[in-house]
Amino acid sequence: FFSGRPAVRPSTVLDQRPPHGLHFSVYAAMPVGRYIICSIVLLVLAYVTYKASLGDIRPDNYDFAVSPNEIKQLVRHYSKLGADTNNVLPVLGIITHRRTDLLARCLMSIDIPVTMLVIIQNGESEATKELIREIKEKGIKLEYLEYPDNAGKAGSYNTILNTNRAVPFWLIADDHIVFEPGSLAKMAAHAKTFSKDLDDGRTNKALLFPGEFLFSTIWSCFVLLQGAVRHVGEFDTNFWPDGHEGYDYIVRLSRMGLWVQNMTDVAVHVSDTKPEDVSPEIQYQQQRHENGRPYFALKWGHAETVGVFDMEGHWNQRCKRRVCESATPVLYRTPFNDAKLSVTYYNADQEYRKCVYRGPGPCRYDVSRLPRPQAVPPGSFDGIRWIPSAAKKQPDIEPQKRFVYLVQGARVRVMDPPLYESEDRDVLWLTYREKGGQVWYPKSSWTQGRNRLLDAAMAKAVQMPNGGYLYYIFMDSDVILRTRKDKRLLYRDDLPENPYERFEQFLIDWEPAVGTVAYWWTLYDPTKFSIHHNNDAVFSAHHRETLSFGLPYVEDLDCRSWYYSQHIMNSINAMLYNTRRVQCNAMEARNEEHVALYKREMTWITPRCYARTAVKPSSPLFTQTFVVDPNPAYTDGQPTKRGNVSYIVPEEYIREHFDAEHPVVQRALQFRNRVAVQHILNASMKVAPRTFVEDHRVCSPTGPDVKRCFNTECPEGVKNTCAASRSLTRP
């Protein structure tokens, strides 16, 4: 096949027939035996057919080997690729099914370096194992994963994605793809450009196909961008072994406002594969799976993706010669007609898989596994549509997203547990070392990163009705979030198990000004809710109305310690929202220790006194809210729900209690008067007009921290900031 000749299937025992004369002599000499032999052969054929229908036959003659000489050619080819860092694929995944000959030909067509080469073998193949062993011994680095029972297309795609979730894009191909010379370099260049444009908001294209025509290679070769996985998640493994998993992914992309793009200058060759080249058990499984149409119809209401050739990315349109006209929507707006389900949702049904694997059919997904099966109750599939007894009508207006998670780290990574976007949640990433999130901010401090993320989130919020997001949730990329099982800490019996959903439920129920979870120095608290002066910055939610004065973070002391900005924020929150900075103890957060990364000065009197210089000495806030050592500080007051209270601090209150000439106050007022902030605050006031109520921390004269509260001694030079410092950035 390297010389262009068609691959020839190796002969097997079944092909080694005796000479014609021998056939004739046996049949002529044994007329009775002839009928007996024929009867036995028919019985054997019937048994083989039956076993193949159950998926138990794995015939060796579907394992296509390659010669040692061809392996040598492959090794020599790889040794000549070099290390062109301008054209490199971060991850190339190839999926094969016992076609070692096609796999070798695909590998031979790779003409640029690959950082991580992943080969997924579905089904057992001694020939493929031998090929991999030979080329790995020759120094070719790759990941080889074998699934004897077939991971399926969706499962194989997910395995490739999970080999490295931090890369900007993945290139995935079937074994029968041959890359034309120069095509991989072009695909890598396109992927880098579209990935950057997608992160910067200049495009909505998140899935790239080679060729002139949309889906021209039938998902045999595609590039998936990091932004697609970040918004849509993984492929649905209920499409097994294959069929409609790709179209399902495109529907989910469209629901998030993303679409596909052709790389018209890229050419790949798709080998012709015949039905007899596929093993019998796969053919029978595909028949029982019905190409995924029943499950797709259950999930989206219709088995055909109407409007799939819309070149502009608008779903549910009829397009002819790239001219589109509106069509009546036929697909559900959300999976399984459930408005509360995110596009990332799927729940693998193993019994459904077993039915497809071994039979008998027809095989159907168990609807009772869905969170709200009444949205699409058990029904029937008529070949095109899923017909339930009664389907819940979807709302005409997309629900308003209430939460935006603002995550920063060196690189995009899979959170623990995984954090995905949903119809009620956006996720924005800022990275400072490797590109991959929506915002790249190298040479920035921790505080600067959080403020830049806040700007990015507000830019999205101003495009939404009613003030946009209700909560801005800041978190570091190393956060590990867990739910707690102690029933004394659960304020509801029906709290979700997922920690992100549980935290969001708490924010909806209590609507605090600042919401946090238990951290290591507050885990001892046995109550459902509590107040702690020093809320750790690792994970915290801020109500949009705190934009009036509680945000952004103060960057003035970053050159001395990156801990100080959170300490100043804790002091401001104590002055403004004391009883409504609530810690929900039904969850806890953990994280790594930033020994080498953070600037770590911990002279807590420095941020305390710097914050105090922003307060007028005549204000009760001056002596009532400050502590030297924040962690063991006693806090007066009880956790309080929002009620009919506004978190928008009136400008008159700010000027009455704070020094308007102080740098912290000046920047806070300038931030407050920005167009985007005014838009969000004014829209929030229209949604629910409320009145600001003074809620500052009061240090009890008889409390255990009376000395800390009334200590007014501050060292000289505390007003010195980092304005002229050049040592702000991360090492």
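What you see is a predicted model; the values in this text were computed from it and never measured. (Residues numbered from 1 in each chain as written. Predicted model: local features only at pLDDT ≥ 70, side-chain atom pairs only at ≥ 80, totals over all residues. Heavy atoms only, no water.)

## Here's the deal with the pairing of strand E15 (residues 425-431)
The element E15 is extensively covered by neighbouring structure, given that 7 of its 7 residues are classed as buried. Side chains of E15 alternate between two faces, with Arg-425, Val-427, Trp-429 and Thr-431 and Asp-426, Leu-428 and Leu-430 buried alike. As defined by bridge partners, E15 adjoins strand E16 (residues 439-440) across 2 bridges and the pair is classed as parallel. What sits directly across from Leu-430, in E16, is Val-439. (Buried < 20%, exposed > 50% of the residue type's maximum accessible area, 1.4 Å probe, protein only. Helix = DSSP H or I, 4+ residues; strand = E, 2+ residues; numbered from the N terminus. Pairing = 2+ DSSP bridges.)

## Observations concerning the state of the cysteines
Going through the model one piece at a time under the given rule, you end up with 1 disulfide. A disulfide bridge connects Cys-355 with Cys-363, and the sulfur atoms are separated by 2.0 Å. Classification of the bridge connecting Cys-355 and Cys-363 rests on its S-S torsion, roughly -80 degrees, and on that basis the disulfide is left-handed. The class of Cys-355 is buried, set by a relative accessible area of 15%. Residue Cys-363 is classed as buried on the basis of its relative accessible area of 2%. With no disulfide of its own, Cys-106 lies 8.3 Å from the sulfur of Cys-221, the closest cysteine sulfur. On the basis of relative accessible area, Cys-106 is assigned to the buried category, the value being 0%. For Cys-221, a relative accessible area of 0% corresponds to the buried category. (Disulfide = S-S within 2.5 Å.)

## Looking at the packing of helix H3 (residues 68-79) against helix H5 (residues 126-137)
Following both chains from N to C, one finds H3 and H5 inclined at 45 degrees, their axes separated by 10 Å at the closest point. Between H3 and H5, the interaxial angle falls into the category oblique. Between H3 and H5 lies a crossing whose hand is right-handed. For the pair formed by H3 and H5, the contact residues are Ile-71, Leu-74 and Val-75 on the first element and Leu-131, Glu-134 and Ile-135 on the second. Within the contact of H3 with H5, the residues separate by chemical class into 5 nonpolar, no polar and 1 charged. (Axes fitted to C-alpha atoms, helices over the stretch in contact; angles between N-to-C directions. Parallel < 35°, antiparallel > 145°, perpendicular 65-115°, else oblique. Left-handed = near helix turned anticlockwise from the far one by under 90°. Contact = heavy atoms within 4.5 Å. Nonpolar A, V, L, I, M, F, W, Y, C, P; charged D, E, K, R; others polar.)

## Remarks on helix H12 (residues 350-358)
Listed as buried for H12 are Tyr-352, Cys-355, Val-356 and Tyr-357. One side-chain oxygen at the N-terminal end of H12 lies 3.2 Å from the backbone nitrogen of Glu-351; it belongs to Asp-349. Downstream of H12 by one or two residues, Gly-359 has phi in the positive range, about 85 degrees. (Polar contact = N/O pair within 3.5 Å; in protein donor to acceptor, adjacent residues only side chain to side chain.)

## Some thoughts on the nonpolar core
Core analysis: the largest hydrophobic core is formed by 71 residues, its most contacted members being Leu-107, Ile-110, Ile-135, Phe-179 and Met-187. Setting aside its immediate chain neighbours within four residues, Leu-107 contacts Leu-74, His-77, Tyr-78, Ile-94, Leu-117, Ile-119 and Ile-135. Counting residues in each nonpolar core, the second largest holds 32 residues, with Tyr-405, Leu-470, Phe-503 and Phe-539 among its members. (Core = buried A, V, L, I, M, F, W, Y, C linked by side-chain atoms within 4.5 Å.)

## Considerations on the pattern of salt bridges
Two side chains of opposite charge can pair, provided their charged atoms sit close to one another. Going through the model one piece at a time under the given rule, you end up with 39 salt bridges. Taking the shortest distance from any N to any O, the salt bridge between Asp-338 and Arg-372 comes out at 2.8 Å. A residue pair is termed long-range when its members are at least 10 positions apart, and Asp-338 in the loop between strand E11 (323-326) and H12 and Arg-372 in the loop between H12 and strand E12 (379-381) qualify at 34 residues. Given a relative accessible area of 4%, Asp-338 falls into the buried group. Given the relative accessible area of 26%, Arg-372 is considered partly exposed. A single salt-bridge network, built from bridges that share partners, covers Glu-130, Arg-133, Glu-134 and Glu-137. (Salt bridge = Lys/Arg side-chain N within 4 Å of Asp/Glu carboxyl O.)

## A look at the packing of H3 against helix H4 (residues 100-108)
Where H3 contacts H4, the axes come no closer than 10 Å and their chain directions differ by 25 degrees. It follows that H3 is roughly parallel to H4 by the angle criterion. Every pair of crossing elements has a handedness; the one defined by H3 and H4 is left-handed. Where H3 abuts H4, its residues Gln-73, Leu-74, His-77 and Tyr-78 lie against Ala-104, Leu-107 and Met-108. Its residues assigned to classes, the contact of H3 with H4 shows 5 nonpolar, 2 polar and no charged.

## Description of unusual backbone geometry
Here the bond from Trp-240 into Pro-241 is cis, since omega is 0 degrees, no more than 30 degrees from zero. For Pro-241, the location among the structural elements is in the loop between helix H8 (226-232) and helix H9 (245-255). Look at His-244: it is not a glycine, yet its phi comes out positive at around 75 degrees. Tracing the backbone shows His-244 in the loop between H8 and H9. For Glu-511, which is not a glycine, the phi torsion comes out positive at approximately 50 degrees. Along the chain, the position of Glu-511 falls in the loop between helix H14 (499-510) and strand E19 (514-518). What makes Glu-511 buried here is its relative accessible area of 18%.

## Here we look at the confidence of the model for the chain
Summary statistics for the chain give a mean pLDDT of 79 and a share of 76% for residues scoring 70 or more. Here residues 1-30 is a poorly scored stretch, pLDDT under 50, and it has 22 contacts once near neighbours within four places are set aside; other chains count. Note on residues 307-316: pLDDT is under 50 here. Beyond four places in sequence and across chains, it has 36 contacts. (pLDDT = per-residue confidence, 0-100.)

## Focus on the side chain of Arg-642
Looking at the secondary structure, you find Arg-642 in the loop between helix H17 (621-624) and strand E23 (645-646). Only 2.7 Å separates the side chain of Arg-642 from the backbone oxygen of Val-645, close enough to count as a polar contact. What Arg-642 contacts, discounting residues up to four positions off in sequence, is Trp-510, Glu-511, His-543, Glu-545, Arg-580, Tyr-647 and Arg-690.

## Examining helix H11 (residues 293-300)
Of all 8 residues that make up H11, 7 are buried, and the element is covered over most of its length. Every buried residue belonging to H11 is among Pro-294, Tyr-295, Phe-296, Ala-297, Leu-298, Lys-299 and Trp-300, and all of these are buried. Looking one or two residues beyond H11, the residue adopting positive phi is Gly-301, at roughly 90 degrees.

## Some words on the sheet that holds strand E2 (residues 114-122)
The sheet built from 7 strands is open, its strands ordered E3-E2-E1-E4-E7-E6-E8 with mixed pairing. Strand pairing shows two members of the sheet lacking a second neighbour, strand E3 (143-147) and strand E8 (259-263), which therefore form its edges. This sheet shows a mean twist of 20 degrees between the axes of neighbouring strands, independent of strand direction. Bridge count between strand E6 (residues 205-210) and strand E7 (residues 221-225): 2 bridges; the pairing is antiparallel. Looking at E7, one finds that Leu-207 is bridged to Leu-224.

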